[in-house]
Amino acid sequence: MYAGTWSYVIMCKFISMIKTYRSLSNNTDTQWRYGFEVDYANNQFLLDGEPFRYVSGSFHYFRAPRQYWRDRLRKMRAAGLNAVSTYVEWSLHEPEPGQFNWAGDADLINFLNIAQEENLLVLLRPGPYICAERDLGGLPYWLLREVPNIKLRTKDSDFVTYASLYLNQVLDKVRPLLRGNGGPIIMVQVENEYGSYNACDTEYLNILKDVFVAKVGDKALLYTTDGNSASYLRCGFVPGAYATVDFGTSGNVTSSFQAMRLYQPRGPLVNSEFYPGWLTHWGETFQRVKTEAVVKTLREMLALNASVNIYMFYGGTNFGFTSGANGGVDVYSPQLTSYDYDAPLTEAGDPTDKYFAIRDVIGLYLPLPNMSLPTRSSKASYGRVLLEPVQKLLDSRSPFAVIREAAVHPKTFESLSVNQGFVFYETYLPPSFSDPAILRAITKDRALVYVDNQLSGTLSRIDKIFTLPLENPYGSHLGLLVENQGRLNYGNDIHDFKGISNVTISDTLLTNWNMTGYTFSDVSTLWNLSAIEIESGTLHNGPVFLRGHFKIFEQPLDTFLDTTGWGKGVAFVNGYNLGRYWPVVGPQITLYIPAPYLRIGQNELIILELEYVPVARRMIFQPVPNLGTLN
């Protein structure tokens, strides 16, 4: 905790006492009541009956370990914010139909309670679709398995049924925390930027609104968020929900709010997603937004008495395989593991110059809390770790092979019940066919191609490489290890199955496939294995797990894993999946490791390397990140 914590705690307790007194007063028939509503006559919000406007920041609880939730929220409050906005991710909370998860890093109620304790109101965005640069926009993969022809985000009866069951679960849980019940949640969003989706299904939106109204009632304000033009608002507007817009520093403040006024003639102006940074894809330069531009636009909005949510104020990390992708039929661009976003708080939660500049602007319009300002936390350099190979992924005894099926035609990941990770597709090539031997396959998303267990090349959706010449492969064993690099999370083509299809050799369709799906929920089986022999360099015989140990003698600190010199893969520390690394493509070179993932004493680093192992076989734990340029 930083200096001033005790005075801040006393202030929070005093506020809590006032709330308790008002609650008791309410029981004696006074006029006091909790609530959040729109005063249309005066173009303002009313919080508990008093004029109010919010300056909020987005922080998605699922992008940080729960041990860090209070720290990040407290830093947001110290910046002058009076609210936090968070998505609720369906796929996290219902990983399989009817199997709900609300524990650990999925403990939404704990997050909301901490926000209230830190004197932050909440803007809740439960979807069902959230985008958020997450796999399938936060929708669970099993929708594509249960109903392959499902029409996502429409009145399709199957989608509405599943979405309603999920929303009812969420809304039942958060109901005690709605503002009208004395909780922190002042606003609840219906769907998410629906005007950017071509379906334009107003009946679907009305069905969703009815679900929200039945659970939320007048205890919080329903709202929508769409782009800053009439074309977006036309399909995103929901009668009975408050219409808001989103735009960044390149948007004109006046014209953006004029677009909002076309559908929301009265009430306060609201930018529900003001972008102080931006997302980055693999192979791009790390995206940045200049602080001067952020300050200028924020000041313009606040001068108009607008309410603003800064997206993102703290971005965090797409741990595991949770990052999504942008694109469509002809373009595919997966996002980084890091979701630093060039936000005011870095991926490790450190304040930036942008943080303090934003705070200065907020202080011109809202009272700043009497709190000490945060500083950068200490980071550790745990040095070099030697990694030794211990297991080949494609070994027939691999403990990670959880699905084995055979079929005439290759099945999708979804039909195999493989959410994320890899599927190995195997068949035999015919004994004769016309030269030249050209392998062709529609690949989602990346496939390492093996002929008789030797690497022959790569197919890539990113690079639009769907053909590969093979030299005299007649009668040979063919294997394609396909990687899901993230389902599309935005646009009209999110119905994004993974796997391969229409596989031909010199225009002859290949059939009779064996498929093996791999998942990595538990890598502890690798901790005690003996080393095996492999050759460094290109992995011609398939991906390899490598293991290393390192010791920590004091209370662990955050650190960053430098993957320089390696090919492409996934890293695990003490069983936690840190996410994908791909230094040869970049710009992200390091993976963030939060201190709660580490322990005093022996620690284990395991990596699954897909393509290239350097001669030194080492990775480095360093105290600074590298997202293309050292921060």
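Conventions and cut-offs
- For every chain, the first residue of its written sequence is number 1, and the numbers climb from 1 along that sequence.
- Whole-chain, interface and lining totals are the exception, using all residues; otherwise, since this is a predicted model, local features are given only for residues with pLDDT of at least 70 and side-chain atom pairs are given and counted only at 80 or more.
- Hydrogens and waters are ignored; side-chain quantities use all the structure's heavy atoms.
- A 1.4 Å probe that fits into a set of points on a 1 Å grid over the protein atoms alone but cannot get out defines a cavity; an open set with protein on both sides within 12 Å along at least five of seven lines defines a pocket, and lining residues are those with an atom within 4 Å of a point.
- Grid points are joined across faces, edges and corners, and a volume is the space filled by probe spheres set on the points.
- UniProt positions are given in the numbering used here, feature names are shortened, and annotations may be inferred rather than shown by experiment.
- Helix and strand definitions follow DSSP, with helices as H or I runs of at least four residues and strands as E runs of at least two, each counted in order from the N terminus.
- For the exposure calls, accessible area comes from a 1.4 Å probe over protein chains only, and a residue counts as buried if that area is under 20% of its type's maximum, exposed if over 50%, partly exposed in between.
- Note on contacts: a residue pair is in contact if any heavy atoms of the two residues lie within 4.5 Å.
- Counted as a polar contact is a pair of N or O atoms within 3.5 Å, where, for protein atoms, one must be capable of donating a hydrogen and the other of accepting one, and residues adjacent in sequence contribute only when both atoms are in side chains.
- With axes taken as lines fitted to C-alpha atoms, and helix axes fitted only over the stretch in contact, angles between N-to-C directions fall between 0 and 180 degrees.
- In these notes the angle categories are as follows: under 35 degrees is roughly parallel, over 145 is roughly antiparallel, 65 to 115 is roughly perpendicular, and the rest is oblique.
- Crossing handedness is read from the near helix: turned anticlockwise from the far helix by less than a right angle, it gives a left-handed crossing, and turned clockwise, a right-handed one.
- By the convention adopted, Pro, Cys, Tyr, Trp, Phe, Met, Ile, Leu, Val and Ala count as nonpolar, Lys, Arg, Asp and Glu as charged, and the other residues, Gly among them, as polar.
- The pairing criterion for strands is at least two bridges between them, as found by DSSP.
- We call a pair of cysteine sulfur atoms a disulfide whenever their separation is within 2.5 Å.
- Known as pLDDT, the predictor's confidence for each residue is given on a scale from 0 to 100.
- A helix is expected to span 1.5 Å multiplied by its residue count minus one.

**Digging into the layout of surface pockets**
Reported here for the largest pocket is a volume of approximately 1,200 Å³. Forming the walls of the largest pocket are 37 residues, and the residues nearest its centre are F319, G320, F321, T322 and Q420.

**Some thoughts on the UniProt feature "active site" (unreviewed entry) in the protein**
In this numbering, the UniProt entry assigns the feature "active site" (unreviewed entry) to E193 and E273. In three dimensions, the annotated residues from a span of 81 residues occupy one location, with a maximal C-alpha spread of 10.5 Å. Relative to the assigned elements, E193 resides in the loop between β7 (185-189) and α7 (202-216). Residue classification places E193 among the buried residues on the basis of a relative accessible area of 13%. Relative to the helices and strands, E273 resides in strand β10 (residues 270-274). Those residues in contact with E273 that lie beyond four places of it in its chain are Y87, R125, N192, E193, V245, D246, F247, N309 and Y311. Side chain to side chain, E273 and Y87 meet in a polar contact 3.1 Å long.

**Overview of the UniProt feature "domain: Glycoside hydrolase 35 catalytic" (unreviewed entry) in the protein**
Residues annotated by UniProt as "domain: Glycoside hydrolase 35 catalytic" (unreviewed entry) correspond here to residues 44-363. In this annotation, residues 44-363 is assigned 32% helix and 17% strand; the end-to-end C-alpha distance for the span is 20 Å.

**Topic: the packing of helix α6 (residues 157-174) against α7**
Two elements in contact, α6 and α7, have axes separated by 10 Å at closest approach and are oriented at 25°. Classed by the angle they form, the pair α6 and α7 counts as roughly parallel. Remark: the crossing between α6 and α7 carries right-handed chirality. Contacts between α6 and α7 involve F159, V160, S164, L167, N168, L171 and D172 on the former and, on the latter, Y204, I207, L208, V211, F212, K215 and V216. Its residues assigned to classes, the contact of α6 with α7 shows 10 nonpolar, two polar and two charged.

**Some remarks on the sheet that holds strand β24 (residues 508-509)**
With antiparallel pairing, the four strands of this open sheet are ordered in space as β21-β18-β23-β24. In this open sheet, the two edge strands, each paired with only one partner strand, are β21 (467-470) and β24.

**Overview of the state of the cysteines**
In protein structure, a disulfide is the covalent linkage between the sulfur atoms of two cysteines. Considering all chains together, one arrives at one disulfide under this definition. Between the sulfur atoms of C200 and its disulfide mate C235 the distance is 1.9 Å. As the torsion about the S-S bond is roughly -90°, the C200-C235 disulfide counts as left-handed. Pair noted here: C200 is in the loop between β7 and α7 and C235 is in helix α8 (residues 230-236), with a separation of 35 residues, a long-range link. Here C200 falls in the partly exposed class, since its relative accessible area comes to 25%. Here C131 is not cross-linked by a disulfide; its sulfur's nearest cysteine counterpart is in C235, at 17 Å. Assessed through its relative accessible area of 6%, C131 is described here as buried.

**Considerations on the confidence of the model for the protein**
In the predicted model, the protein carries a mean pLDDT of 94, and 95% of its residues have values of at least 70. Note that residues 1-30 has pLDDT below 50 and, in this model, 23 contacts with residues that lie over four places away or in other chains.

**Some remarks on unusual backbone geometry**
Cis geometry marks the peptide bond from D435 to P436, where omega comes out at -5°. Looking at the secondary structure, you find P436 in the loop between β17 (422-428) and β18 (437-444). Phi is positive for K464, close to 55°, though the residue is something other than glycine. Here K464 shows up in the loop between β20 (454-460) and β21. Look at K464 and you get exposed, because its relative accessible area is 53%. Look at S506: it is not a glycine, yet its phi comes out positive at around 50°. Looking at the element boundaries, S506 is found in the loop between β23 (499-505) and β24. Looking at S506, the relative accessible area reads 14%, which means it is buried.

**Describing empty space enclosed by the protein**
Per the counting criterion, the structure on display carries five cavities of 30 Å³ or more. In terms of lining, the largest cavity is formed by W278, L279, T280, F286, Q335, L336, S338, Y339 and Y341. For the lining of the largest cavity, the class distribution of residues is six nonpolar, three polar and no charged.

**Thoughts on the sheet that holds strand β28 (residues 559-562)**
If you trace the four strands from one edge of the open sheet to the other, you get β14-β34-β28-β31, paired in antiparallel fashion. In this open sheet, the two edge strands, each paired with only one partner strand, are β14 (383-386) and β31 (590-593). Each strand axis lies, on average, 25° off the axis of its neighbour in the sheet, ignoring direction. Where β14 meets strand β34 (residues 618-622), four bridges bridge the pair, whose relative direction is antiparallel. Residue V385 lies in a different strand from β34, and its bridge partner there is M619.

**A closer look at helix α10 (residues 291-303)**
Relative to the 18 Å expected for 13 residues at 1.5 Å per residue, α10 spans 18 Å between its end C-alpha atoms, a close match to the ideal helical length. Residues of α10 that are buried include every one of V294, V295, T297, L298, M301 and L302, and no others. After α10 finishes, the residue N305 shows a positive phi value of roughly 65°.

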